[in-house]
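Survey of secondary and tertiary structure
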Amino acid sequence: MKVIIVKDYAQMSEVAAGHFIQLILEKPNAVLGLATGSTPIGTYENLVKEYKEGRLSFAHISSVNLDEYIGLEPTHPQSYRYFMNEQLFDHIDIDKSQTFVPSGMAKDFEVEGKAYDERIEVLGGIDLQLLGLGNNGHIGFNEPDTFFSKGTGSVELTPSTIEANQRFFEKKEDVPTKAISMGVGSIFKAKKVLLIASGQAKAEAVREMIEGEVTPACPASILQFHSDATIIIDEAAASLLEGSY
Ligand code: F6R
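These notes cover the structure that comes with them. The model shown is predicted, which means the values in this text are computed figures rather than measured ones. (Residues numbered from 1 in each chain as written. Predicted model: local features only at pLDDT ≥ 70, side-chain atom pairs only at ≥ 80, totals over all residues. Heavy atoms only, no water.)

This part covers the overall build of the protein chain. Secondary structure assignment for the protein chain yields 7 helices and 10 strands. Taken over C-alpha atoms, the radius of gyration comes to 17 Å for the protein chain, in line with the 18 Å a tight globule of 245 residues would show. The C-alpha extent of the protein chain, read off along each of the three principal axes, is 45 × 40 × 35 Å. Evaluated residue by residue, the protein chain yields a buried proportion of 52% over its 245 residues. Here the contacts in the protein chain between residues at least 6 apart in sequence split such that 79% fall between residues at least 24 apart. For the protein chain, the exposed area adds up to about 11200 Å²; of that, 51% sits on carbon and sulfur atoms. Taking the average location of the 21 positive side-chain charges in the protein chain and that of its 35 negative ones, the two points are 3 Å from each other. (Helix = DSSP H or I, 4+ residues; strand = E, 2+ residues; numbered from the N terminus. Rg over C-alpha atoms; globule rule 2.2 N^0.38 Å. Buried < 20%, exposed > 50% of the residue type's maximum accessible area, 1.4 Å probe, protein only. Contact = heavy atoms within 4.5 Å. Areas by Shrake-Rupley, 256 points an atom, 1.4 Å probe, with all protein chains shown as cover. Lys, Arg positive; Asp, Glu negative; His and termini not counted. Charge placed at Lys NZ, Arg CZ, Asp CG, Glu CD.)

Let us look at helix 1 (residues 9–26). The terminal C-alpha atoms of helix 1 lie 26 Å apart, and with 18 residues this matches the ideal 26 Å at 1.5 Å per residue to within 8%. For helix 1, the set of buried residues is Met12, Ser13, Ala16, Ala17, Phe20, Ile21, Leu23 and Ile24. Packed against the buried residues of helix 1 are strand 1 (2–6), strand 2 (31–34), helix 2 (41–52), strand 6 (128–131), strand 9 (192–197) and strand 10 (229–234). (Expected span 1.5 Å × (residues − 1).)

On to the sheet that holds strand 4 (residues 67–69). Taken together, 3 strands build an open sheet; the order of strands is 4-8-7 and the sheet is antiparallel. At either end of the open sheet lies a strand with only one pairing partner, and these are strand 4 and strand 7 (153–156). If you compare each strand with its neighbour and ignore which way they point, the axes differ by 30° on average. With 3 bridges connecting them, strand 4 and strand 8 (residues 178–181) associate as antiparallel partners. Bridge assignment links tyrosine 69 to a residue of strand 8, and that residue is alanine 179. (Pairing = 2+ DSSP bridges. Axes fitted to C-alpha atoms, helices over the stretch in contact; angles between N-to-C directions.)

A word on the pattern of salt bridges. Once the charged atoms of two side chains with opposite charge are near each other, the side chains can pair. Inspection of every chain in the model, using the stated rule, returns 11 salt bridges. For lysine 49, the salt bridge goes to glutamate 53, with nearest N and O atoms at 3.9 Å. Arginine 207 is paired through a salt bridge with glutamate 204; the nearest N and O atoms lie 2.8 Å apart. With arginine 207 and glutamate 204 both in helix 7 (residues 203–211) and 3 residues apart, this pair spans about one turn of that helix. The class for arginine 207 is partly exposed, based on a relative accessible area of 25%. (Salt bridge = Lys/Arg side-chain N within 4 Å of Asp/Glu carboxyl O.)

As far as function goes, none of this settles anything; it's purely spatial.
Take a look at the structure:
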């Protein structure tokens, strides 16, 4: 696990985008694993800028997203498909038919999850998976548990995640309580993993992930065992770390 501590959110976003830019220049048909939430917005802004200034093309890129809320149509403004279009896909030359987000409207989430993992295999696996970090240590929507989830499937969101996500919805009752998420096993198969976290609210989860024991009680801690995981955190998110990095 490589840990990079940067000054603030802006620097985290630039450094994270740099990893994607390098990959896309080296491998123009790379498979990108993408995340939603507040943390990656700055990273996507940097990628859009790079495209608009003519230094980067996504024409041969495919992407797979980590998760989607169950019950939200792709056209719902809080759906993760909508988020990805708004924050990234609508502003770059990616072929949208090659961008995949699990369906929150599937009839059978076991079938949808299996098909999603097979899709990733057919694409040749994920070259670089971007991750945010839940305040409770979740990655994707894999909440703290007594075991690590393997493949993509439906998950129940914990009260703390529902509360954290409430900021995007008018009322708490509107926040979905279930999601379909790539499993920890699906995420772990990515060739490279890049986790980004910013702000004091993430400091405890960051410490557990980097310096705690590897346990499904902190799903992100599994990244300690990944052969090519890079963690980019700002000073506030790093504030509870005891080691020097
Ligand atoms: C999003 C996702 C989640 C978020 C995490 C952090 O696709 O899978 O794990 O990365 O909840 O969210 P933010 O960035 O909003 O703090």
